[in-house]
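# Report on the structure
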Amino acid sequence: MKTLHVGRPNMAAQFSLLEAFESVLASQWLTNDGPWVRRLEGEICDELGVGYCVAVANGTLGLEIAARALMPELGEVIMPSFTFVATAHALAWQGYKPVFADINPKTHVLDPQDVEAKITERTVGILGVHLWGTPCAPLALSEVAERYQLKLFFDAAHAFRCQGIGSLGECEVFSFHATKFFNTVEGGAVTTNDKVLAQKLRELRNFGFRGDGTHKVSGLGINAKMSELHAAVGVTNLAQIDKFIQWNFGNYLCYRRRLIHPDIRVYELPGLGNFQYIVIEIAGGADALAKALQAEDVLARRYFSPPCHAMPPYDQEGDALPVTEAVAERVLVLPTGMAVTQQDVSEVCRLILRRLAGE
Ligand code: T4K
């Protein structure tokens, strides 16, 4: 069997990519808010129905500048531990203290009640994560944020083109890393309907320059710019995005139809999504199955195990997050994307069911 990956990049047809690259190179404008970046930003606004999009070099930097723009005073930010470690690192790197709240066992996103229980006088914000593409309790979290006067923003790294996502909270941060179903190789974007916030994000992205032609800075800034070549990959991939989603959806249905077993729960998105993550939960733990699949070149992944609060530098607090810990034991993410056919999916399911039958 060929090696099957979680996160094999989806790419647009090579000729359209090379054509776009030729145009970038011929223009001799390679970065700094060039025409391809602006085109990608405009197309993303149209795709998501949001007012402003600020393209960035990667999702992590997007989270960092979003946090800086929203919360000028450092303090505690409540977030899930069941996420990729970049979510916590982005906050900690900027000097905020990530405070971990537990998740809902069914949806895997933040439990608003536990978020509220973790609020102290040092709390400055809430960072929800739309894990696997599921909206992170936006209504309940907005209500909590409003009541306690906290900034609410979202890590939407998994949730590009998922129903209702793009305009939630103060802003949302996407990752367009190679392993995401829509990629710009490395890249990301922050989207918002707040014009003033969008301008602030543009300044932070470009060393703090005001962007008014005066070459003056308004304050501290960083280099979080996306290059023209990366934006050109984005524009060509965006043209194919419906095909990517359809393909993922076909694979998802195929997994769902075949993975019928009392010890398996196939995670369901609550609405229309991108279906880029095939997430299953294995009663009794996913480790043995993960190893068995990997031995057959099916590179299933145990996202996110260990969860953030159990990893350095966050493991010093001794937090207890019982739901997070239980879910992290059970979750296994299976291969999908354009490199995985429904025939491959059938074979992966056969391996899983054989293993669970003890064969
Ligand atoms: N928030 C959340 C919730 C996130 O999931 C992420 C990133 C972020 C924030 C931060 O966004 P970025 O700053 O990354 O834009 C991967 C990605 O590196 C990371 O972007 C992603 N989340 C995370 C969930 O997964 P790894 O360590 O699992 O990647 P790696 O290199 O082990 O590759 C995964 C699989 O994909 C392997 O089987 C190999 C395959 N692969 C990978 C690459 C890069 C390919 O076939 N081709 C490739 O080019 O982190």
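The structure under discussion appears in the preceding block.
The sections below set out a description of the structure shown in this document. (Residues numbered from 1 in each chain as written. Predicted model: local features only at pLDDT ≥ 70, side-chain atom pairs only at ≥ 80, totals over all residues. Heavy atoms only, no water.)

Right, let's talk about the overall build of the protein chain for a bit. Secondary structure assignment for the protein chain yields 12 helices and 12 strands. Rg of the C-alpha trace for the protein chain: 21 Å, near the compact-globule value of 21 Å for 359 residues, within the 12% margin. Taking the principal axes of the C-alpha coordinates as reference, the protein chain spans close to 70 × 55 × 30 Å. With 359 residues in all, the protein chain has 52% of them scored as buried. For the protein chain, contacts bridging at least 24 residues in sequence account for 70% of all contacts bridging at least 6. (Helix = DSSP H or I, 4+ residues; strand = E, 2+ residues; numbered from the N terminus. Rg over C-alpha atoms; globule rule 2.2 N^0.38 Å. Buried < 20%, exposed > 50% of the residue type's maximum accessible area, 1.4 Å probe, protein only. Contact = heavy atoms within 4.5 Å.)

Turning next to the sheet that holds strand β10 (residues 278-282). What links the strands of a sheet is backbone hydrogen bonding, and the strands pair in either a parallel or an antiparallel sense. Pairing in this open sheet of 3 strands is antiparallel, and the strands run β9-β10-β12 from one edge to the other. Looking at strand neighbours, the two that pair on one side only are β9 (264-266) and β12 (331-334), the edges of this open sheet. This sheet shows a mean twist of 30° between the axes of neighbouring strands, independent of strand direction. Helix α10 (residues 287-295) contacts β10 and β12 of the sheet and is inclined by roughly 25° relative to β12. (Pairing = 2+ DSSP bridges. Axes fitted to C-alpha atoms, helices over the stretch in contact; angles between N-to-C directions.)

Counting residues in each nonpolar core, the largest one holds 86 residues, and the members touching the most others are Trp-132, Phe-160, Ile-280 and Leu-334. Those residues within four positions of Trp-132 in sequence are excluded, and the remaining contacts are Phe-82, His-108, His-158, Tyr-267, Leu-269, Tyr-277, Val-279, Tyr-303, Phe-304, Val-331 and Val-333. Ranked by size, the runner-up nonpolar core spans 31 residues in total, among them Val-56, Ala-88, Val-124 and Val-173. (Core = buried A, V, L, I, M, F, W, Y, C linked by side-chain atoms within 4.5 Å.)

What follows covers empty space enclosed by the protein. With a probe scaled to a water molecule rolled over the atoms, the places where space remains empty come into view. Under the definition given, this model contains 1 cavity of 30 Å³ or more. By volume, the largest cavity amounts to about 50 Å³. Its residues assigned to classes, the lining of the largest cavity comprises 6 nonpolar, no polar and 1 charged. (1 Å grid on protein atoms, 1.4 Å probe; cavity = no way out; pocket = protein on both sides within 12 Å on 5 of 7 lines; lining within 4 Å. Points joined across faces, edges and corners; volume = space filled by probe spheres on them. Nonpolar A, V, L, I, M, F, W, Y, C, P; charged D, E, K, R; others polar.)

All chains considered together, the criterion is met by 17 aromatic pairs. Measuring from centroid to centroid gives 6.2 Å for Phe-82 and Trp-132, while their planes differ by 75°, and the two rings are edge-to-face. With Phe-82 in the loop between β3 (76-80) and α4 (85-93) and Trp-132 in the loop between β5 (123-129) and α6 (138-148), the pair connects residues that are 50 residues apart, well separated along the chain. With 6.2 Å between their ring centres and 25° between their planes, Phe-249 and Tyr-252 make a pair best called stacked. With a gap of 3 residues between them, Phe-249 and Tyr-252 both fall in helix α9 (residues 241-258), about one helical turn apart. Residue class for Tyr-252 comes out buried when judged on its relative accessible area of 8%. An aromatic cluster is defined as three or more aromatic residues linked by ring pairs; in this entry it consists of Phe-82, Phe-84, Trp-132, Tyr-277, Tyr-303 and Phe-304. (Phe/Tyr/Trp six-rings, centres within 6.5 Å; stacked < 30°, edge-to-face > 60°.)

Turning to the layout of surface pockets, a few remarks are in order. Quantified by volume, the largest pocket comes out at close to 580 Å³. Those elements that place two or more of their residues in the lining of the largest pocket are α3 (59-70), α4 and β7 (172-175). Residue composition of the lining of the largest pocket, grouped by class: 14 nonpolar, 15 polar and 5 charged.

Neighbouring the ligand are 23 residues; Arg-8, Thr-60, Asp-155, Ser-175 and Arg-301 lie closest to it. One of the side-chain nitrogen or oxygen atoms of Tyr-303 is found 2.9 Å away from an oxygen atom of the ligand. Taken by itself the ligand offers 930 Å² of open surface, and the protein chains cover 76% of this. Of all the cavities here, the one that holds the ligand is the largest pocket. (Near = heavy atom within 4 Å. Polar contact = N/O pair within 3.5 Å; in protein donor to acceptor, adjacent residues only side chain to side chain. Areas by Shrake-Rupley, 256 points an atom, 1.4 Å probe, with all protein chains shown as cover. Sits in = over half its atoms within 2 Å of the grid points.)

Pairing is mixed across the open sheet formed by 7 strands, whose spatial order is β2-β8-β7-β6-β5-β3-β4. Here the strands that pair on one side only, and so sit at the sheet edges, are β2 (52-56) and β4 (97-101). Across the sheet, the mean angle separating the axes of adjacent strands is 25° when strand polarity is ignored. Taken together, the 3 bridges between β3 and β5 define a ladder with parallel strand orientation. Paired with Ile-78 across the bridge in β5 is Ile-126.

Moving on, we get to the packing of helix α1 (residues 14-27) against helix α8 (residues 228-238). In the contact formed by α1 and α8, the axes pass within 9 Å of each other and the chain directions differ by 145°. As α1 packs across α8, the resulting crossing turns out to be right-handed. Each of Ser-16, Leu-17, Ala-20, Phe-21 and Val-24 in α1 lies in contact with α8, whose residues at this interface are Glu-228, Leu-229, Ala-232, Val-233 and Thr-236. In terms of residue class, the contact of α1 with α8 is made up of 7 nonpolar, 2 polar and 1 charged. (Left-handed = near helix turned anticlockwise from the far one by under 90°.)

Inspection of the secondary structure puts Glu-228 in helix α8. A distance of 3.1 Å separates a polar atom in the side chain of Glu-228 from the backbone nitrogen of Val-37. Discounting chain neighbours no more than four positions away, the residues touching Glu-228 are Val-24, Trp-29, Leu-30, Thr-31, Gly-34, Pro-35, Trp-36 and Val-37.

Taken as a whole and judged by the stated rule, the model has 21 salt bridges. With a closest N to O distance of 2.6 Å, Lys-291 and Asp-287 form a salt bridge. Pair noted here: Lys-291 and Asp-287 are both in helix α10, with a separation of 4 residues, about one helical turn. (Salt bridge = Lys/Arg side-chain N within 4 Å of Asp/Glu carboxyl O.)

On their own, these measurements won't tell you what the molecule is for.
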